[in-house]
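Reading the structure
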Amino acid sequence: AQSVTQLGSHVSVSEGALVLLRCNYSSSVPPYLFWYVQYPNQGLQLLLKYTTGATLVKGINGFEAEFKKSETSFHLTKPSAHMSDAAEYFCAVSGPGGYQKVTFGTGTKLQVIP
Amino acid sequence: DAGVTQSPTHLIKTRGQQVTLRCSPKSGHDTVSWYQQALGQGPQFIFQYYEEEERQRGNFPDRFSGHQFPNYSSELNVNALLLGDSALYLCASSLGQARSGNTIYFGEGSWLTVV
């Protein structure tokens, strides 16, 4: 079974500071990995995804994530936090082939302090 | 281009009642999945429909059932509602269920409160 673990249910950063949200995955097969963002009272929006190829993935809104197989990690970063980045972020994993089933982590709420 | 649309957006039901939630996938998408997101939790996979058949199911009881129509739209039905069924129900659509890694698009969700 595949799973993801998000370290830190709440993260606070100052506006302009580096954002680092941590995600570790567990998978017996090469995983597909995703980061989604959820703003209050809204659905989920895809930030970025890793399937194959380049391990550094760039997403929307200046976010990027690096797939590190040796560390089973897929941490999300952004060089400079903006107030509009305040939201909940979910790391997710699915497997190759067959029917899609995406397994989500428990989420990390990002607070941006002015 | 309309994204994934869900209805209703909010509803309140009484324990023991039945509820039907509806979803229209993003234009061109043929696969629909349903997720339950309890307050403060990540979304949990309920099931996935492709070609009008349930293809995968998560760890949810038979009280949760669904349907996909020829136009790819879908319904989620929950019978004998429990207080614990209170959650945000998210519909997600994608193209081509056989190729994992395809981008999945989520709707805004249906908030269900069971009292």
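Throughout what follows, the structure given in this document is the object of discussion.

1. Regarding the sheet that holds strand β3 (residues 19–26) of chain A
Residues and elements named next belong to chain A. The strand order β1-β3-β8-β7-β6 describes an open sheet built from five strands, whose pairing is antiparallel. Whereas interior strands pair on both sides, the edge strands pair on one side only; in this sheet they are β1 (3–7) and β6 (56–58). Neighbour-to-neighbour, the strand axes of the sheet open up by a mean angle of 20 degrees, direction not taken into account. Of the strand pairs in this sheet, β6 and strand β7 (residues 64–68) are connected by three bridges, and their pairing is antiparallel.

2. Regarding the environment of His10 of chain A
All names here are of chain A. Its location among the elements puts His10 in strand β2 (residues 10–14). Relative accessible area serves as the criterion here: at 59%, His10 is assigned to the exposed category. In the structure, His10 is positioned 22 residues away from Tyr32 in sequence and 25 Å away in space, judged by C-alpha atoms. In this structure His10 touches Thr108 and Lys109, once residues within four positions along its chain are discounted. Looking at His10, its side chain comes within polar contact range of the side chain of Ser9, at 3.2 Å.

3. Looking at the pattern of salt bridges
All names here are of chain B. All chains considered together, the criterion is met by six salt bridges over all chains. A salt bridge links Arg63 to Asp85; the shortest N-O distance between them is 2.9 Å. Placement of the pair is Arg63 in the loop between β6 (53–57) and β7 (64–68) and Asp85 in the loop between β8 (74–78) and β9 (87–94), with a sequence separation of 22 residues. Across this residue pair, the class does not change: Arg63 and Asp85 are buried.

4. As for the nonpolar core
Among the nonpolar cores identified, the biggest contains 26 residues, and Trp35, Leu48, Leu76 and Tyr89 of chain A are the most heavily contacted of them. Elements that contribute at least two residues to this core include exactly β2, β3, β4 (32–38), β5 (44–50), β7, β8 (73–78), β9 (87–94) and β11 (108–113) of chain A. Leave out the neighbours within four places in its chain, and Leu48 of chain A touches Leu33, Phe34, Trp35, Val57, Lys58, Gly59, Phe63, Glu64, Ala65, Phe74 and Leu76 of chain A. Val32, Trp34, Phe60 and Leu112 of chain B belong to the second-largest nonpolar core, a separate cluster that totals 20 residues.

5. Points about the pairing of β9 of chain B
Residues and elements named next belong to chain B. A large share of β9 lies buried, amounting to eight of its eight residues. For strand β4 (residues 31–37) and β9, the ladder comprises seven bridges, and the chain directions are antiparallel. By the bridge assignment for β9, Gln37 is matched with Leu88. Pairing of β9 with strand β11 (residues 110–114) involves three bridges; the strand directions are antiparallel. Directly across from Leu88, in β11, lies its bridge partner Trp111. Bridge analysis of β9 against strand β10 (residues 105–106) gives two bridges, and the strand direction is antiparallel. Its bridge partner being in β10, Ser93 is matched across the sheet by Tyr105.

6. Focus on the state of the cysteines
Overall, the coordinates contain two disulfides over all chains when judged by the stated rule. Note on cysteine connectivity: Cys23 of chain A is disulfide-linked to Cys91 of chain A, with sulfurs 2.0 Å apart. Its S-S torsion of about -65 degrees marks the bond between Cys23 of chain A and Cys91 of chain A as left-handed, since a negative value means left-handed. One end of the pair, Cys23 of chain A, is in strand β3; the other, Cys91 of chain A, is in strand β9, with 68 residues separating them in the sequence. Cys91 of chain A shares its class with Cys23 of chain A; the two are buried. Residue pairing for Cys23 of chain B: its cysteine sulfur links by disulfide to Cys91 of chain B, the two sulfurs lying 1.8 Å apart. Given an S-S torsion of about -65 degrees, the disulfide between Cys23 of chain B and Cys91 of chain B has left-handed geometry. Here Cys23 of chain B is found in strand β3 (residues 19–24), whereas its partner Cys91 of chain B is found in strand β9, with 68 residues between them in sequence.

Thresholds applied
Residues numbered from 1 in each chain as written. Chains lettered and ligands numbered in written order. Predicted model: local features only at pLDDT ≥ 70, side-chain atom pairs only at ≥ 80, totals over all residues. Heavy atoms only, no water. Pairing = 2+ DSSP bridges. Helix = DSSP H or I, 4+ residues; strand = E, 2+ residues; numbered from the N terminus. Axes fitted to C-alpha atoms, helices over the stretch in contact; angles between N-to-C directions. Buried < 20%, exposed > 50% of the residue type's maximum accessible area, 1.4 Å probe, protein only. Contact = heavy atoms within 4.5 Å. Polar contact = N/O pair within 3.5 Å; in protein donor to acceptor, adjacent residues only side chain to side chain. Salt bridge = Lys/Arg side-chain N within 4 Å of Asp/Glu carboxyl O. Core = buried A, V, L, I, M, F, W, Y, C linked by side-chain atoms within 4.5 Å. Disulfide = S-S within 2.5 Å.

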